[in-house]
Amino acid sequence: MTVRGRFLAPDGTPLSGALVFRAPATLTFPAADVILGGPVTVQLDAQGSVEVTLPATDAPDMDPSEWAYVVTEQLSGIPVGRSYNVVLPRALPRVDLADIAPTDPAKPNYVGVPGPKGDTGQTGAPGSRIYTGIAAPGAGLGVDGDLYVRYETTTVLGVASTTVSTWERAGGAWAQLGGDLRGAAWYVNTGGTPSAGLRAGDLLLRSDTGDVFQHSGTGWGTARGNLRGPAGPQGSQGLQGPKGDPGAGSVNTVNGSPGPDVTISVNGKSGTAITLAAADVGAQPTGTAVLLTGTQTVAGAKTFSTAPSASAAPTADTHLTRKSYVDGLGGGSWLPSDLGFAGWTFDPALTGSGQNLLAGYVYLCGINLRTATTVNGVVFYSCGYGGGALNANSFAGLYTAAGVRVGVTAALSGIFTPNEGATVVCPLTAPYSAPAGNYWVAIVANGQTASPYNGPVLARGANLGSSPAGAAAMPGGFRRAARLTATGQTSLPASFTPASALTYDANALWAAVS
């Protein structure tokens, strides 16, 4: 038989040590020709548990009989271990020491002898009840400890599904235990399937396509597979059916014999043979309509109510083309795109000297973009700069012809580096999608001294007089070279009014956009 036990400290920590089981000096089993002797020592494992298989004290054909084991506890941390007797009859094949070991010194040692059957006890108090229904339990149903099982059946596309939920009453109220339980259901349909009454995991077979879908809880999504196999081979041709009887109408032949002529009527014309002209069916005669595809020569002068357009660049002298394509050619002159720019104030080869920048002045450099362009930065040419003069109140940017700022750079103190002549690209903090039109590249510098001048020197064009020819324009026209009347600026304003906020500048700075 098997004896078990587990030994823990009061704080739950497993104890260590051993148990010693002692029988009489020797146990003789004549029928088996076996003699057993000596104590059995069993060590506690890491959980403080022990388990050992021992002969029953009333085993048959054993000498002596009617004896008891002496159990001695040798546990670490307990200086004096207990020692007690136990009888292990065959009627109890599994015994736990916690059930039989004496804990009260006044109690006798355990002797495991089954006693007579006792009297039937009194009827106990009523136990918890289990209710069932198809709706949630009512507030007045049952008492604390009762259970309720709800069976909710729904039918979707002819498929009945039952959802089971369990409720427990505690504290005078019903509360659901866990979630609803329902197995996945298969549906077969040729089109859309309603979402009401469906659960995640349900499957749908589209009988018209063979596609299989699985519901995610929010929708069917895309097909998970298809049950339709490949098309089978074509079957053999069936036998020809019997020939039908002649119809009631007039035909040219009846069973191989000539019949009467057929008179037909089409678009107001009647006869046995009718020829229709293009005008009879509202069509254009051959060679008079413009084809939508293919090659065709169109003769005569044509007047278009809407100008025709072309998306491709021309490849032959006779091709029509877009105005923007022609505008971008620029004749034999250097174009901004030839040097990698999207636009500029003028050809940089026309600059003749350099311009010192006055602190706090906002200089404006006019640029014309003939096609829509994405502007990523503004560009200047520095004739020379010793570095370290510009401070964090120095910026460049881009304005529309209406004076609205549409782009600005980071502080120029981190962009302009010492140089003896360099193209300085000043990235905008964000690209700007510029429609075709006029724009100003703006720059304001601060931190440099006027005398001796220690800021960057920028390339310039015309600089003769207070109103150089670079500012030539019709009254009210766009000013190519200008600056804001207001001085002492430490940043580029969000906007200005060109009609009142500008003054002609004596210097036409060169600038570009990239």
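Before going into details, it helps to say that this report is about the structure given with it. The model shown is predicted, which means the values in this text are computed figures rather than measured ones.

Let us look at the nonpolar core. In this structure, Val 378, Phe 380, Phe 416, Val 441, Ile 443 and Val 513 are the most contacted members of the largest nonpolar core, which totals 28 residues. Listed by contribution, the elements that provide at least two residues to this core are strand 24 (362–369), strand 25 (373–384), strand 26 (395–400), strand 28 (422–434), strand 29 (437–444) and strand 33 (511–513). The leading source of residues in this core is strand 28, at 5 residues. Setting aside its immediate chain neighbours within four residues, Val 441 contacts Tyr 363, Leu 364, Cys 365, Ile 367, Val 378, Phe 380, Gly 397, Leu 398, Ala 511, Ala 512 and Val 513. Grouped together as the second largest cluster of nonpolar side chains are 27 residues, Met 1, Phe 7, Leu 15 and Leu 44 included.

Turning our eyes to something else, we now look at the pattern of salt bridges. Under the criterion given, the structure shown has 7 salt bridges. The salt bridge partner of Asp 202 is Arg 182, with a shortest N-O separation of 2.3 Å. Here the residue Asp 202 occupies a position in the loop between strand 14 (186–189) and strand 15 (203–206), and Arg 182 occupies one in the loop between strand 13 (173–181) and strand 14, the gap between them amounting to 20 residues. An identical accessibility class is assigned to Asp 202 and Arg 182; each is buried. The salt bridge involving Asp 208 is made with Arg 206; its shortest N-O contact spans 2.8 Å.

Our next topic: the packing of aromatic side chains. Scanning the entire structure with this criterion turns up 10 aromatic pairs. Each ring, one from Phe 341 and one from Trp 344, has its centre 6.1 Å from the other, and the planes form 50 degrees; the classification is tilted. Exposure remark for Phe 341: the relative accessible area of 15% places this residue in the buried category. Seen in terms of ring centroids, Trp 440 and Phe 496 are 5.7 Å apart; in terms of plane orientation they differ by 50 degrees. Their pairing is tilted. Remark: Phe 496 occurs in the loop between strand 31 (481–484) and helix 3 (498–501) and Trp 440 occurs in strand 29; sequence separation between them is 56 residues. As far as the burial class goes, Trp 440 and Phe 496 line up, both buried. The structure contains a cluster of three or more aromatic residues connected by ring pairs, namely Tyr 399, Trp 440, Phe 478 and Phe 496.

How each quantity is defined
- Residue positions are given per chain, counted from 1 along the sequence in the order it is written.
- Given that this is a predicted model, residues contribute local features only at a pLDDT of at least 70 and side-chain atom pairs are listed and counted only at 80 or more, while totals for whole chains, interfaces and linings are drawn from all residues.
- Hydrogens are left out, water is left out, and the side-chain values use all remaining heavy atoms of the structure.
- To define a nonpolar core, start from buried Ala, Val, Leu, Ile, Met, Phe, Trp, Tyr and Cys residues and group those joined through side-chain atoms within 4.5 Å.
- Remark: exposure states derive from per-residue accessible area (1.4 Å probe, protein chains only) relative to the maximum for the residue type, with buried under 20%, exposed over 50%, and partly exposed in between.
- The helix count covers DSSP runs of H or I at least four residues long, the strand count covers runs of E at least two residues long, and both are numbered beginning at the N terminus.
- Any pair of residues with heavy atoms lying within 4.5 Å of one another is described as a contacting pair.
- The salt bridge definition used is simple: a Lys or Arg side-chain nitrogen within 4 Å of an Asp or Glu carboxyl oxygen.
- Stacked, tilted and edge-to-face are the three classes applied to pairs of Phe, Tyr and Trp rings, where Trp contributes its six-membered ring and a pair requires centres within 6.5 Å; stacked means planes under 30 degrees apart, edge-to-face means over 60, and tilted covers the rest.

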